[in-house]
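Below are the chains, spelled out letter by letter.
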Amino acid sequence: MFSAAAAAEVENIRRHRGRPAGSKNKPKPPIIVTRDSANAPRAPAMEVTSGGNVNQSLANFARRKQRGICLLSGSGCVTNVTLSQPASFGAVATLHGRAQGQLVGALIASGPVPIMAASFMNATFDRLPRDDDEVAAAIQNQYHQNGRQHCPDIS
């Protein structure tokens with residue numbers, strides 16, 4: 001059977017439980033981004049000079065950079081703004097002073113107009129459902145269009 005020396009040797013070779021010594025979670029070096037992705041959103045600051053068309057300047061920027069833009073803020077003075085008033089059908093009026101309405105004409109800067117915008121690439125349009133019943137109907141419709149006749153459980 002076993003000798004006393006063999007039993008003592010088995011006892012000395014016993015495996016330890018847990019992690020080996022020196023294997024603690026060591027801090028990882030930080031990730032450093034050395035270059036921006038072409039698809040990364042950006043926040044350009046622009047200024048339209050006096051006499052420039054604000055709308056046309058924004059459109060030219062988007063076309064030249066091949067990026068979509070969202071106007072975040074803008075301030076400054078403009079001249080001869082042409083607005084469409086939603087209350088009057090088809091009526092277009094040129095108002096002087098403060099007014100609200102949909103812009104239908106040029107927006108000419110009468111002084112420097114600083115603009116902050118967000119620009120982005122590869123924009124997608126997603127129509128969001130209004131409630132759970134519409135989600136279930138959309139999923140069921142999608143499965144029927146793909147040739148599948150079973151409906152998943154969406155609970």
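Q: With reference to specific residues and values, describe the overall build of the protein.
A: Per the secondary structure count, the protein includes 3 helices and 8 strands. In the protein, the succession of α and β elements from N to C terminus is α-β-α-β-β-β-β-β-β-β-α. By residue count, 13% of the 155 residues in the protein fall in the buried class. Contacts in the protein between residues at least 24 apart in sequence constitute 66% of all its contacts with a sequence separation of at least 6. Of the accessible surface of the protein, which amounts to about 13300 Å², a share of 54% is contributed by carbon and sulfur atoms.

Q: For the sheet that holds strand β2 (residues 68-74), give the residues involved together with the corresponding values.
A: Spatially, β1-β8-β2 is the arrangement adopted by the 3 strands of the open sheet, whose pairing is antiparallel. This sheet does not close on itself; its edge strands, each paired only once, are β1 (45-48) and β2. In this sheet, neighbouring strand axes are inclined to one another by 40 degrees on average, regardless of whether the strands run parallel or antiparallel. Bridge analysis of β1 against strand β8 (residues 113-120) gives 4 bridges, and the strand direction is antiparallel. The residue of β8 that forms the bridge with M46 is I115.

Q: Could you give an account of the nonpolar core, with specific residues and numbers?
A: Soluble globular proteins: nonpolar side chains tend toward being buried together. Counting residues in hydrophobic clusters, the biggest one holds 12 residues: M46, V48, V54, L58, F61, V81, L83, L107, A109, V113, I115 and A117. Elements that contribute at least two residues to this core include exactly β1, α2 (54-65), β4 (81-84) and β8.

Q: Describe the side chain of R67, listing the residues and the values that go with them.
A: Its place among the elements puts R67 in the loop between α2 and β2. On the accessibility criterion, R67 (9% relative accessible area) is buried. Not counting chain neighbours up to four residues away, the residues in contact with R67 comprise A38, A40, P41, R42, A62, S119, F120 and M121.

Q: Report on unusual backbone geometry, specifying residues and quantitative values.
A: With a phi angle near 55 degrees, Q66 is a residue other than glycine that sits in the positive phi range. When you line up the elements, Q66 lands in the loop between α2 and β2. Look at Q66 and you get exposed, because its relative accessible area is 65%.

Q: How would you summarise α2 if you had to cite specific residues and measurements?
A: An α-helical segment advances 3.6 residues per turn. Residues three or four places apart therefore align on the same side. For α2, with 12 residues, the first-to-last C-alpha span of 17 Å sits near the 16 Å given by 1.5 Å per residue. Inspection of α2 places V54, L58, F61 and A62 among the buried residues, and these make up the whole buried set. The arc that holds the buried residues of α2, viewed along the axis, is 95 degrees, so those residues lie on one side. Turned more than 90 degrees away from the buried face of α2, the exposed residues are R63 and R64. Each element contacted by the buried residues of α2 is listed here: β1, β2, β7 (108-109) and β8. The backbone nitrogen of N55 has a side-chain oxygen 3.2 Å away, supplied by the residue at the start of α2, namely N53. Two residues or fewer past α2, Q66 is found with a positive phi of approximately 55 degrees.

Q: Residue-level account of the side chain of S119, with values.
A: For S119, the location among the structural elements is in strand β8. With a relative accessible area of 2%, S119 lands in the buried category. In terms of polar contacts, S119 uses its side chain to reach the side chain of R67, at 3.1 Å. S119 has contacts with A40, P41, R42, P44, R67, G68 and I69, leaving out every residue within four places of it along the chain.

Conventions we followed
Residues numbered from 1 in each chain as written. Predicted model: local features only at pLDDT ≥ 70, side-chain atom pairs only at ≥ 80, totals over all residues. Heavy atoms only, no water. Helix = DSSP H or I, 4+ residues; strand = E, 2+ residues; numbered from the N terminus. Buried < 20%, exposed > 50% of the residue type's maximum accessible area, 1.4 Å probe, protein only. Contact = heavy atoms within 4.5 Å. Areas by Shrake-Rupley, 256 points an atom, 1.4 Å probe, with all protein chains shown as cover. Pairing = 2+ DSSP bridges. Axes fitted to C-alpha atoms, helices over the stretch in contact; angles between N-to-C directions. Core = buried A, V, L, I, M, F, W, Y, C linked by side-chain atoms within 4.5 Å. Expected span 1.5 Å × (residues − 1). Arc of directions from axis to C-beta. Polar contact = N/O pair within 3.5 Å; in protein donor to acceptor, adjacent residues only side chain to side chain.

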